[in-house]
Structures are given as structure tokens and as C-alpha cells.
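# Report on the structure
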Amino acid sequence: MRTSPMPCPPPYTENTDTVALPAELAAMPQWSEFSAAAQSASIQTNALRVINVAGIALDISGQVTSPRLVNATAQLLQARHLDQARSTLLQGGISNLTEDRPAWHTALRAPAPAEDIAFERERMNAFVRLADSERRWRNIIHIGIGGSDWGVRLSVNAFGYAGAWRQVHFVANIDGHAMQGCLAGLDPHDTLVVLASKSFTTAETLQNGQRALEWLLASGVKNPHSQIVAITAKPQLAKQWGIPDSNIFRLWDWVGGRFSLWSAVNLTTALAISVDIVAGMQAGAAAMDSHFNTAPIAENAPVQMAVSGVINRSLLGYGSLNIAPYDFRLANLVPYIQQLEMESLGKSVNLAGDPVGVPTGPAVWGMPGTDAQHTFFQWLHQGSDGAPVDFIVCQDPDHTWTNHHQSLLANCLAQREALLKGKSYDSALHENLQAGMALPQAQWLAKHRMHAGGRPSNLLVLSRLSPYTLGALLALYEHKVFVQALIWGINPFDQWGVEYGKVLATDILQAISGQKVPNQAHDASTAHWIELFSSSQQRRSSGACSDND
Ligand code: F6P
């Protein structure tokens, strides 16, 4: 049974004269023209369109284009004040309107950063130098979630895939099995616990941190707090936790969690591999920032990716975006981009609080190729919906098995070409007849073997997987998301939906753990399960629970 929609609140008018709110998209003549141009554009399979920037070649030949669309894009971006919005972002103005603060992650990777940023960078480097010189911390437990986790996992796996003398263990999930499994077998006397949390209030991180602290204490570690490091924008909370000042690294309020990798949040990568990795990533990202700031629209990689992202989602009706890194080391790029895109673009109202009027942020999903080919590529090729795909591959590998890399490259190009060109009924029929089938069988099978084709894709070729190219790649997606949000008129820097779930979880937790009577406002199903879980948990804590419960 469907429930009726909530009544709509009145429009917000109080501060609209002080904040420049974007016009309603559907009412803009520039949108109408853009929309008409995109609907009549097509993928030009005989034209090569590549943008080279910061060691990355972005091939956008697999997206729809036409001279009319190029023109309409320029008009739309002008009407959306791209230049102004970009300057506000890059100069640390208030880009995050609903939280009234900058979104100034680019400042963290600036080649010549402000004094306080440079100071924290040097503190982090000095911390790593000291640990290295003392050969301390054979194990690092990195505890953080979302933006305090995915980017770090990504960089540790991208550059530490061949192993490192320090073992890194990640714990994000509140599920106790994650922490329990992590601690098993570690030497507590040679383990450093890194707590990454911008807010230092995230339940998962604090509870897992608490378990780690108890483990250190129970193992007889003399000064357990000295084995814990915090990276946070709330140093006073970390201090209250007992962590010494020397182990607290600063984050700034103006850095969004999913944009915080450029800070000391990436300390774990510096410890696991080298501070040079962090510096290299910052340099690559800074090169992309400069490109984004200065390249003309037609040669601007983030802008071009954003424009096709909007066309594919809002005008061609694709509900999702597939990320296909043809590089085993980049497996964590998928959840990283998933959070970046979905937490930033999973909004349906514009800055004025009105419905955007067109579908916004797609669902993002994926898996490294070639595994993905044997898992879901069938759906991409012949399923009824399809999805645009971002193929990402390195021109040169860092291993010496040339034949493996040649196969990887060939698979990547082949899948992309199949999606692009498809296979016609006639060519499938011809092949079947050539294979010796009788005509009726050849005709019947040709219907099953034909591919629609015309499915959009990007190809991103990294010269090599270096810290520089990875940093540039991540910044490319960050800016792409920013431009998509600008076109849609939404704020990519808040996440109110996630916040609401956190509040509900706190309330339900109190009911399940018996701290308070369940709130009467729960729906019937939630109320049922709260009651059941609450009594089973109480039986469990009173020891009255059997394994069969
Ligand atoms: O998922 C919501 C969120 O606020 C993310 O934006 C953030 O990356 C994550 O939680 C972790 O937050 P924190 O770093 O404050 O622990």
C-alpha cells in the first residue's frame, strides 16, 4: 500500500534577498535550448574527442554531441554563473549555503597553502618521520567511516597493494564482527590506532575506538592513549577522550567529510607507504584544480564530464552511472565515487527549496574490470535500462607481465566499443549463417545476439597509477560533481538525509537497549521489531539466551 505524500511546506522567502538563489531550472530558456539540443544530438562514432590533463586522457567521444549542443552548453553554464560559483568555491567563499560555510578542500592541496594548513602538513610528516626512525607501529588500525575511510582505503590499496612493512587494518562498520576480526592476532604493543572523524561524534567511529582502547588497556599497554591518534575538526572532543595534543591533527570546519582526504585524514597512507604519496596526490589534485579554474568550457575535463552527466541523467533517462576501473588497485574507487556523487547529488530540491524539476544524481555502482564483465556487464549490454559507464585504465602497469596488461587494455576497449557500437540484427544473422545454421534458427538466434549499442561512456586513461594521477582523478570527479550540482541548482556540500537517519537511530537505540520506552510515533513494523529486539537483547544481557535463540 502506498502512503500519501507529505503536505508541501510553504516557500522560503525570509533571506532570499541576501542569498543569490539559482533560477528554477525548467523555467530557464537556456535549459529548454540545452534540453532540445541534447535530445537531438548523437554519439559521433567517427570523431575523436580527448582532453589531456594532469597525466589523464579523458576520452569523451562516447557521449552525445553536436555544434548546437556545444553552443547551448556554453549558454546554460553562463546563465548558471559558472565563473562566479567556481571562484567562490576556489577562494573559500560560502559555497555550502545550507550550512553557511565554505567548501574549501582545494585549500588543503594548494601548492603554497596558508600557514595553518602548512603547519599541520609538517606536523603529520614529522609524526611519520619519528615513527619510521623508531621503526614503530607494525600495525595501524584506521577507524573512520564514509569520507574518513574510503579515500584512505583507496590510496593505501592503490599504492600498497604489493604489501608494506606496516599492516593496515580498516574498521568502519558498527557491526562488532568488524572490530573483533580486526583485533584478532594483532600485537597491541606495536599497534597505532588512528581515529579519523571530522565531527568526533560519529557513533561508529567512537564505539569502535572505545573497543580499541579497551583492548589496549586489557593487554597491559602502559599508556594506551599515546597509541591513539585523532584527526578531527573538534580537537577538544578528542582531548576529552584522553588523546594527547601531540597526537591530535587538525581538520577545519570548512572541509566536507567526503572531501577531507587532502588533510591529515590520509595519515594512514603516509604511515603505511610514504608521506610522498600524500604529497603527490595533493599535487595532482592541485593541477586539476588549476585546469578546472582556467580551461575553456570545451576543453575543461570536469565541466565536460558534468555536462554529459546531466544529459545522461536528466534528459536521456539513465538512472545510474557505472564506474569500471580496469585496475585491480582501484577497487575502492567505486565506493569513493559512490559517496562523493550520491551524498553530494542525492537531492531533489534546489537551493530555494523548490523541486529541481528534473531527475538529479544517479545511483553510482561498479566493480573493477575484468571481474565486472563476468558479473553484470550482460545487463549493461542487453538489459532494458543500461547505464553510462566510466571506463578507467592505466596505459602502463607497474608489474612486468606485459601480456596481462595487454589483455586488460583489450578487454576495456572491447567492452566500451560493444556498448558504443552494438551489434545489428543483420550482422548477428550473417555470423549465424556463416557458422552453418539454417535460416530460421539463424534468424531466431540473431534476435538474442544483437546489441542495441549507442550506450554512452567515458574512457579515462591514466598514464600510470601514480599519486599524482590518482589525486588528479579524484579532483576531476569532485569538480564534475560541483558543476552538475550547479546546473541542477542544488547544494552538493550538505547531507541532511543522512543526518535524519542518525537521529532516528539514536532514538531507536535507546528503545532497543531498554533506556527508554519506545516512541509512540513509530510505524507498526518498526514498533514490532523494536519490541522484539529489545526483549531478545535484554534476555541476552541477562544470560538467558541460548544459541538457538
Ligand atoms: O555519512 C555522513 C557523514 O557525515 C559523511 O559525510 C562523513 O564522511 C561521515 O559521516 C563521517 O563523519 P565524521 O568524519 O564526522 O566521523
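Residues numbered from 1 in each chain as written. Predicted model: local features only at pLDDT ≥ 70, side-chain atom pairs only at ≥ 80, totals over all residues. Heavy atoms only, no water.

## Examining the overall build of the protein
Helix and strand content of the protein: 20 helices and 13 strands. A compact globule built from 549 residues would reach a C-alpha radius of gyration of about 24 Å, and the protein, at 26 Å, matches this within 12%. Dimensions of the protein, computed from the C-alpha atoms along their principal axes, are close to 75 × 65 × 60 Å. Considering the protein as a whole, with its 549 residues, one finds that 49% of them fall into the buried category. Expressed as a percentage of contacts within the protein between residues at least 6 apart in sequence, the contacts between residues at least 24 apart total 75%. Accessible surface, the protein as shown: approximately 25,900 Å² in total, 55% of it carbon and sulfur. Computing the positive centroid from 37 side-chain charges and the negative centroid from 45, the protein places the two 3 Å apart. (Helix = DSSP H or I, 4+ residues; strand = E, 2+ residues; numbered from the N terminus. Rg over C-alpha atoms; globule rule 2.2 N^0.38 Å. Buried < 20%, exposed > 50% of the residue type's maximum accessible area, 1.4 Å probe, protein only. Contact = heavy atoms within 4.5 Å. Areas by Shrake-Rupley, 256 points an atom, 1.4 Å probe, with all protein chains shown as cover. Lys, Arg positive; Asp, Glu negative; His and termini not counted. Charge placed at Lys NZ, Arg CZ, Asp CG, Glu CD.)

## Digging into the sheet that holds strand β13 (residues 457–462)
Taking strand neighbours across the sheet as the criterion, the 6 strands line up as β2-β3-β13-β12-β10-β11 in an open arrangement whose pairing is mixed. Looking at which strands have only one partner, the edges of the open sheet turn out to be β2 (50–53) and β11 (363–366). Neighbouring strand axes in the sheet, compared pairwise and without regard to direction, differ in orientation by 20° on average. Looking at chain direction, strand β3 (residues 56–59) and β13 are connected through 4 bridges and run antiparallel. Looking at β13, one finds that Leu58 is bridged to Leu460. (Pairing = 2+ DSSP bridges. Axes fitted to C-alpha atoms, helices over the stretch in contact; angles between N-to-C directions.)

## Structural notes on helix α6 (residues 150–160)
For α6, the buried fraction is high: 9 of the 11 residues fall into the buried class. Listed as buried for α6 are Gly151, Val152, Arg153, Leu154, Ser155, Val156, Ala158, Phe159 and Gly160. Its buried side turned inward, α6 meets β5 (139–143), β6 (167–171), α10 (267–272), α11 (275–294), α13 (333–345) and α18 (467–488).

## Re the nonpolar core
Trp31, Phe34, Ile231, Leu267, Leu470 and Leu473 are the most contacted members of the largest nonpolar core, which totals 105 residues. Broken down by element, the residue count for this core peaks at 14 residues, all from α18. Looking at this core, you find at least three residues from each of domain 1 (25–79 + 295–421 + 455–488) and domain 2 (105–282). If we ignore the near neighbours within four places in the chain, the residues touching Trp31 are Leu25, Ala26, Leu76, Val310, Ser314, Leu315, Val358 and Ile487. Residues Ile143, Leu183, Val193 and Trp215 belong to the second largest nonpolar core, which totals 21 residues. (Core = buried A, V, L, I, M, F, W, Y, C linked by side-chain atoms within 4.5 Å. Domains from an automatic or database assignment.)

## With respect to the domain arrangement of the protein
Along its sequence, the protein is organised into domain 1 (25–79 + 295–421 + 455–488), domain 2 (105–282) and domain 3 (499–542). Summarising the inter-unit geometry, the C-alpha centres of domain 2 and domain 3 are found 32 Å apart.

## Concerning a nonpolar patch on the surface
Taken together, Trp529, Leu532 and Phe533 make up a surface patch of nonpolar side chains, about 280 Å² in accessible area. With respect to the helices and strands, the residue Phe533 is situated in helix α20 (residues 524–541). For Phe533, a relative accessible area of 38% gives the class partly exposed. (Patch = residues over 30% accessible without salt bridge, like charges linked within 9 Å, V, L, I, M, F, W, Y side chains within 5 Å. Salt bridge = Lys/Arg side-chain N within 4 Å of Asp/Glu carboxyl O.)

## Points about the packing of helix α1 (residues 29–40) against helix α12 (residues 301–315)
Between α1 and α12, the least distance of the axes is 11 Å, while the angle of their chain directions is 85°. In terms of axis orientation, α1 runs roughly perpendicular to α12. Residue-level contacts link Trp31, Phe34, Ser35, Ala38 and Gln39 of α1 to Val307, Val310, Ile311, Ser314 and Leu315 of α12. Along the lines of polarity and charge, the residues of the contact of α1 with α12 split into 7 nonpolar, 3 polar and no charged. (Parallel < 35°, antiparallel > 145°, perpendicular 65-115°, else oblique. Nonpolar A, V, L, I, M, F, W, Y, C, P; charged D, E, K, R; others polar.)

## Topic: the confidence of the model for the protein
When pLDDT is averaged along the protein, the result is 94, and 95% of the positions lie at 70 or above. Low pLDDT, under 50, characterises residues 1–5; the predicted model gives this stretch 0 contacts beyond four residues in sequence or across chains. For residues 10–17, every residue scores under 50 in pLDDT, and the model assigns this stretch 2 contacts once sequence neighbours within four places are set aside. (pLDDT = per-residue confidence, 0-100.)

## Points about the site of the ligand
Close contacts around the ligand come from 15 residues, with Ser148, Ser197, Ser199, Thr202 and Glu343 the closest. The side chain of Ser197 places a nitrogen or oxygen atom 2.6 Å from an oxygen atom of the ligand. Protein coverage of the free-state accessible area of the ligand, which is 390 Å², stands at 88%. Elements that contribute at least two residues to the shell around the ligand include exactly α13 and α19 (496–512). (Near = heavy atom within 4 Å. Polar contact = N/O pair within 3.5 Å; in protein donor to acceptor, adjacent residues only side chain to side chain.)

## Structural notes on the pairing of strand β10 (residues 320–326)
Within β10, 7 of the 7 residues are buried, which leaves the element mostly enclosed by the surrounding structure. Here β10 shows no split at all, with Ser320, Asn322, Ala324 and Tyr326 on one side and Leu321, Ile323 and Pro325 on the other all buried. In this sheet, β11 lies alongside β10 in parallel orientation, the contact comprising 4 bridges. Bridge pairing links Asn322 to Trp365 in β11. Tracing the backbone out of β10, into α13 and back to the parallel element β11 gives a crossover that is right-handed. Strand direction decides the pairing type here: β10 and strand β12 (residues 389–394), joined by 5 bridges, are parallel. The partner of Asn322 across the bridge, within β12, is Val389. (Right-handed = clockwise from strand over helix to strand, strands pointing away.)

## Digging into the sheet that holds β5
In space, the 5 strands of this open sheet follow the order β6-β5-β7-β8-β9, with parallel pairing throughout. In this open sheet, the two edge strands, each paired with only one partner strand, are β6 and β9 (248–250). On average, each strand axis in the sheet is tilted by 20° relative to the strand beside it, whichever way the strands run. In this sheet, β9 lies alongside strand β8 (residues 228–232) in parallel orientation, the contact comprising 3 bridges. Across the sheet, residue Ile231 finds its bridge partner in β9, namely Phe249.

## What about the pattern of salt bridges?
Going through the model one piece at a time under the given rule, you end up with 25 salt bridges. Close ionic contact of Asp289 with Arg109 constitutes a salt bridge, the shortest N to O distance being 2.7 Å. With Asp289 in helix α11 and Arg109 in the loop between α4 (105–108) and α5 (115–133), this pair connects stretches of sequence that are 180 residues apart. Judged on exposure class, the residue Asp289 and its partner Arg109 are both buried. Lys480 is the salt-bridge partner of Glu341, the closest N and O atoms lying 2.5 Å from each other.

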